[in-house]
Amino acid sequence: MDTAGINWTALAVFVFFFILVTVMGFWASRWMRGPSNKGAHLDEWGLGGRNFGAWITWFLVGGDFYTAYTVIAVPALVYAVGAYGFFALPYTILVYPIVFLIMPKLWHAAHKAGHVTAADVVFGRYQSRPLEFAIALTGVVATMPYIALQLIGMEVVIKALGLTGELPLLAAFVILALYTYAAGLRAPALIAFVKDLMIYIVVLVAVVVVPAKLGGYGAVFDTARDVFAKKGGATGLTLQPAQFLPFATLALGSAMAAFMYPHTLTGIFAARDANTIRKNAVFLPAYTVLLGLIALLGFMAYAAGVKVQTNNDVVPALFNGLFPSWFAGFAFAAIAIGALVPAAVMSIGASNLFTRNFWKPYVNPNISNEGEAKVAKIVSLVVKLGALVFILFLPTQFALDLQLLGGVWILQTFPALVFGLFVSWFGARALLCGWAFGIVYGSWLAFADGIKPVHTFTLGGDKISLYTGLIALAVNVVVAVIANLVLGKGSRPALRSA
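Computed from a predicted model, the values in this text were never measured in an experiment.

Draft legend 1. Region of interest: unusual backbone geometry. Phi is positive for Arg-50, close to 50°, though the residue is something other than glycine. Mapped onto the secondary structure, Arg-50 falls in the loop between helix 2 (42–47) and helix 3 (54–65). Although it is not a glycine, Ile-451 sits at a positive phi angle of roughly 55°. Mapping Ile-451 onto the fold places it in the loop between helix 20 (428–448) and strand 1 (454–459).

Draft legend 2. Up close: the packing of helix 10 (residues 217–231) against helix 14 (residues 286–303). Two elements in contact, helix 10 and helix 14, have axes whose closest approach is 8 Å; the angle formed by their N-to-C orientations is 80°. Classified by the angle their axes make, helix 10 and helix 14 are roughly perpendicular. Only Leu-296, Phe-299, Met-300, Tyr-302 and Ala-303 of helix 14 make contact with helix 10, whose side of the interface consists of Tyr-217, Val-220, Phe-221, Thr-223, Ala-224, Val-227, Phe-228 and Lys-231. A breakdown of the residues in the contact of helix 10 with helix 14 according to their chemical character gives 11 nonpolar, one polar and one charged.

Draft legend 3. Quick peek at the pairing of strand 1. Here strand 1 runs beside strand 2 (residues 462–467); their pairing, made up of six bridges, is antiparallel. Its bridge partner lying in strand 2, Thr-458 is registered against Lys-463. The hairpin formed by strand 1 and strand 2 contains two residues between the paired strands, and Gly-460 there has a positive phi angle of roughly 60°.

Draft legend 4. Structural detail: the side chain of Asp-120. Here Asp-120 lies in helix 6 (residues 118–126). Engagement of the side chain of Asp-120 in a polar contact is seen with the side chain of Asn-357, the distance being 2.7 Å.

Draft legend 5. Seen up close, helix 4 (residues 68–81). With 14 residues, helix 4 ought to run about 20 Å at 1.5 Å a step, and its terminal C-alpha atoms sit 20 Å apart, in line with that. Where burial is concerned, most of helix 4 is hidden: 12 out of the 14 residues are buried. For helix 4, the set of buried residues is Ala-68, Tyr-69, Thr-70, Val-71, Ile-72, Ala-73, Val-74, Pro-75, Ala-76, Val-78, Tyr-79 and Ala-80. Gly-82 sits one or two residues past helix 4 and shows a positive phi near 85°.

Draft legend 6. Layout of the pattern of salt bridges. Using the criterion set out here, one finds nine salt bridges in the structure. One salt bridge in this structure joins Asp-196 and Lys-195, with 3.1 Å as the shortest N-O distance. You'll find Asp-196 and Lys-195 in the same group, each marked buried. Arg-356 is the partner of Glu-372 in a salt bridge, and the nearest nitrogen-oxygen pair spans 3.6 Å.

Conventions we followed
Residues numbered from 1 in each chain as written. Predicted model: local features only at pLDDT ≥ 70, side-chain atom pairs only at ≥ 80, totals over all residues. Heavy atoms only, no water. Helix = DSSP H or I, 4+ residues; strand = E, 2+ residues; numbered from the N terminus. Axes fitted to C-alpha atoms, helices over the stretch in contact; angles between N-to-C directions. Parallel < 35°, antiparallel > 145°, perpendicular 65-115°, else oblique. Contact = heavy atoms within 4.5 Å. Nonpolar A, V, L, I, M, F, W, Y, C, P; charged D, E, K, R; others polar. Pairing = 2+ DSSP bridges. Polar contact = N/O pair within 3.5 Å; in protein donor to acceptor, adjacent residues only side chain to side chain. Expected span 1.5 Å × (residues − 1). Buried < 20%, exposed > 50% of the residue type's maximum accessible area, 1.4 Å probe, protein only. Salt bridge = Lys/Arg side-chain N within 4 Å of Asp/Glu carboxyl O.

Everything listed here is a matter of geometry and, on its own, says nothing about what the molecule does.
Set out below in structure tokens:
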């Protein structure tokens, strides 16, 4: 490894905080431990004993929802296209009313029957193994590239420190894998406190210091406006009329999909009670303010004269150029730790799905509680290894494409998971038909468009662009309704949630 370009001061600060959270990760196995007779239970390892209160849940859900790749990708998108990159703001505003209305009911259904995963809830309600399998498979497949993107975010900041080669990323991967194996969900829950505090410090300092060095926000926006004017096309400080509808549907569809992912649902199921979830739906929008400030870094990069080979390098280049080395190291540590928390929760969510909805029903129906925990721990290592293979041996764009597809796919689990919480009209066969048509049609549209998030229809000479996932969801629901009328309800919900 070439050491000539290493920023040693920044690296020392980075390593200090990385060691700190590593120690916290291993110590977390002793934190808030449940009864000794439940120590080997999947509830303890995979859901933290279902005992997280409002404060811990706030940091955990915020930590796995606002990821390292968010800190890297949102400013990169704003840098590339301008206002369109701010779709994440209405998306994270819309998501919390959805959480407030739906997630307490889902928590009740899971808590009452001891469910660990979304697919558990679906099987408990509809008694359909094929539908359970479809929901579990979608969750696992959609999560894998998401974990890879967290490691890509880590890779970007490691490169910004001047480190080359794959060894630093491999070392970070091994550390993440070991303390997740040892402590389960408690590790990312504890580390999330440090991660969020560091991110808040970095962003608040950046939005004050950077504009002050560049002549104020007026100069920042003027420079960005001039650059986008030269670029032309769909870029700009404000949305163009043709972008209104795709922007709105992308935000709405993303909000509906966000808490269908295994990692976000893991945070929900780990909550102590339904009121904890409601409180978090009220206070989590504070992260949206933070996200808006993070997005502004994309504009600031133009005013700072940042030149990068790839858009993902914008934030590291901005901090390397405008801040002393020690603060750059602190910022890079915050981003890297921001990758550890969601990557850990994602791997736990995927391993819970595999254990409860693949291994238990099809391989070992009589598996003990201790056996479930052992299988989940091993699978969590395999999942992380798969994510590592993504970024070491496949092009980064492949992970990006799969993550975009993952958003389309995970949205197709919405009817099966949510509808039964409110109505008992749909049957399992109809929901499975809807899921299948939504997956196939959404995938076909996405590939036809070159893996783009929106699809454009031409109606009467007018072009209408909509989020592909939302289009597929509409097909999903229509097919489910028709199938229910034609096939009958088949397997009915086993019970209504409390």
